Amino acid sequence: MIRRTRPVAGALALLAALTAGIAFPAGAAAGEPTGQDAPKVDLVLDVSGSMRARDIDGQSRMAAAKQAFNEVLDATPEEVQLGIRTLGADYAGDDRKEGCKDTAQLYPVGPLDRTEAKTAVATLAPTGWTPIGPALLQAADDLDGGDGSKRIVLISDGEDTCAPLDPCEVAREIAAKGIGLTIDTLGLVPNAKLSRQLSCIAEATGGTYTSIEHQDELTDRVNELVDRAAEPVVTPVATEGAGSCDKAPVLRSGLYTDREEFGQQRWYRVELLAGQELRASVSVAADRAVRPDHGVLMRAVTVHGREIVRGEATGSGRTDVASTGLRYPKPEIDDDSGKPAAETVCLGVTTSFSADAGVKTTPGLPLELTVDVVDGPDDAADVASFGLGRGWWLLGALIVTGFLAGLVWGWLSRWRVAVWRTN
């Protein structure tokens, strides 16, 4: 009996796979890679007193960092503009206020002179405090300007000592500016608290965190991040949604970034001509501690408030991002003038994130919005049919074929059993 059901199960699995392929066509990419300007990288190195500790392959953390920097400088691609910033390198006193100002540009971001940069690194000696927050703010200014990729690589062996200027909040503020800057963090022999802080900084800007315990790991990881900066990237355009559609910004096809506070609704507008199709998606990232149950809703409505289509998604805390999308094909309808009728579509994004008391709600959660306006199919109603796109008729044919095949298989099975009993 089990052998008889396997072909049917296989057919049903094939039918499900074909259905999935028809019902969910791949979305078009929106936005083009940037790269008009040279990519920029700012290496931010902790030179605080704790870097004297000798626990990385029998040498001090400072010596391991210097060796790694020298190798990285040799391998830096010619097209990358690289700079080096220090924190805790100059002030050795006990005045916390002065210690929290101790960050300086050791080598300016620009075309790399390898000899000069190595000479500057050789002068470093572990000295003072760990002002990570102030150093990140200054590093963001170091990379200001241009539309190429921008990356900060932070290397530290200790937690920030300049609270209440929380470096994680600083990273969120940098991300909220929408300048396309990514912060990657590396922790030298980190403890749990340092790992949480460096992870939070990286996650706020879409960067990565790496725990480092050996000198070769440090060299390889920094080299990898510098090389990654040279790759073409799509930089989202900063926008600011409004509280109502009539005041919302008009968006063209592209990739956009915004911030949305807990429970807030943001509106955007898209101009759509007859015969065009709107494809939009949104992703909202939880860059801080939020409650497990959350969701995101995207709606396309007319300027009069009539809902056209919606997309929604819920989360249970297993991932840090909630995403959804929608499609709206506008039929070919001409107005009295004989010209294609235009329509303003209002896109509303609503989130249901919440957090416990004490978790900051500003700046809002990072939101990434993709808008793509393309030429629609010949018959827009065909795309809307059952929400299955142009392949709905093929899906129907497959269902009927599967049903008939099941009937035939069942009849043959009964006939074989009857013959077996007779014999």
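Preceding block: the structure.
The following paragraphs examine the structure supplied in this document. (Residues numbered from 1 in each chain as written. Predicted model: local features only at pLDDT ≥ 70, side-chain atom pairs only at ≥ 80, totals over all residues. Heavy atoms only, no water.)

## Let's talk about the sheet that holds strand β14 (residues 342–351)
Part 1: The antiparallel open sheet is built from four strands, whose spatial order is β9-β14-β11-β12. The sheet terminates laterally at β9 (265–273) and β12 (307–315), the two strands that pair on one side only. Averaged over all neighbouring strand pairs, the angle between strand axes comes to 15°, with direction disregarded. (Pairing = 2+ DSSP bridges. Helix = DSSP H or I, 4+ residues; strand = E, 2+ residues; numbered from the N terminus. Axes fitted to C-alpha atoms, helices over the stretch in contact; angles between N-to-C directions.)

## Thoughts on a negative patch on the surface
Part 1: A contiguous patch of negative charge, built from D57, E71, E213, D216, E217 and D220, is present on the exposed surface.
Part 2: Within the secondary structure, E217 sits in helix α8 (residues 215–229). (Patch = residues over 30% accessible without salt bridge, like charges linked within 9 Å, V, L, I, M, F, W, Y side chains within 5 Å. Areas by Shrake-Rupley, 256 points an atom, 1.4 Å probe, with all protein chains shown as cover. Salt bridge = Lys/Arg side-chain N within 4 Å of Asp/Glu carboxyl O. Lys, Arg positive; Asp, Glu negative; His and termini not counted. Charge placed at Lys NZ, Arg CZ, Asp CG, Glu CD.)

## Observations concerning the sheet that holds strand β5 (residues 181–188)
Backbone hydrogen bonds hold the strands of a sheet together, and the pairing may be parallel or antiparallel.
Part 1: With mixed pairing, the six strands of this open sheet are ordered in space as β3-β2-β1-β4-β5-β6. With one partner strand each, in any of the chains shown, β3 (103–110) and β6 (209–212) form the two edges of the open sheet. Here the strands of the sheet are splayed against their neighbours by 15° on average, with no regard to which way each runs.
Part 2: Pairing analysis gives four bridges linking β5 to β6, with the strands arranged parallel. What sits directly across from G187, in β6, is S211.
Part 3: Together, β1 (40–46), β2 (81–87), β4 (150–156) and β5 form the strand contacts of helix α2 (residues 61–75), whose direction differs from that of β1 by roughly 165°. (Contact = heavy atoms within 4.5 Å.)

## Things to note about the nonpolar core
Part 1: Membership of the largest hydrophobic core comes to 31 residues, with the highest contact counts inside it found for L43, L45, I155, L186, L218, V222 and V226.
Part 2: Those elements that place two or more of their residues in this core are β1, α2, β2, α4 (114–122), β4, β5 and α8.
Part 3: For I155, the residues in contact, after removing those within four places along its chain, are V44, L45, D46, F69, L186, L188, L218 and V222.
Part 4: V282, V284, M298 and F353 belong to the second largest nonpolar core, which has 24 residues in total. (Core = buried A, V, L, I, M, F, W, Y, C linked by side-chain atoms within 4.5 Å. Buried < 20%, exposed > 50% of the residue type's maximum accessible area, 1.4 Å probe, protein only.)

Just distances and angles here, no functional claims.
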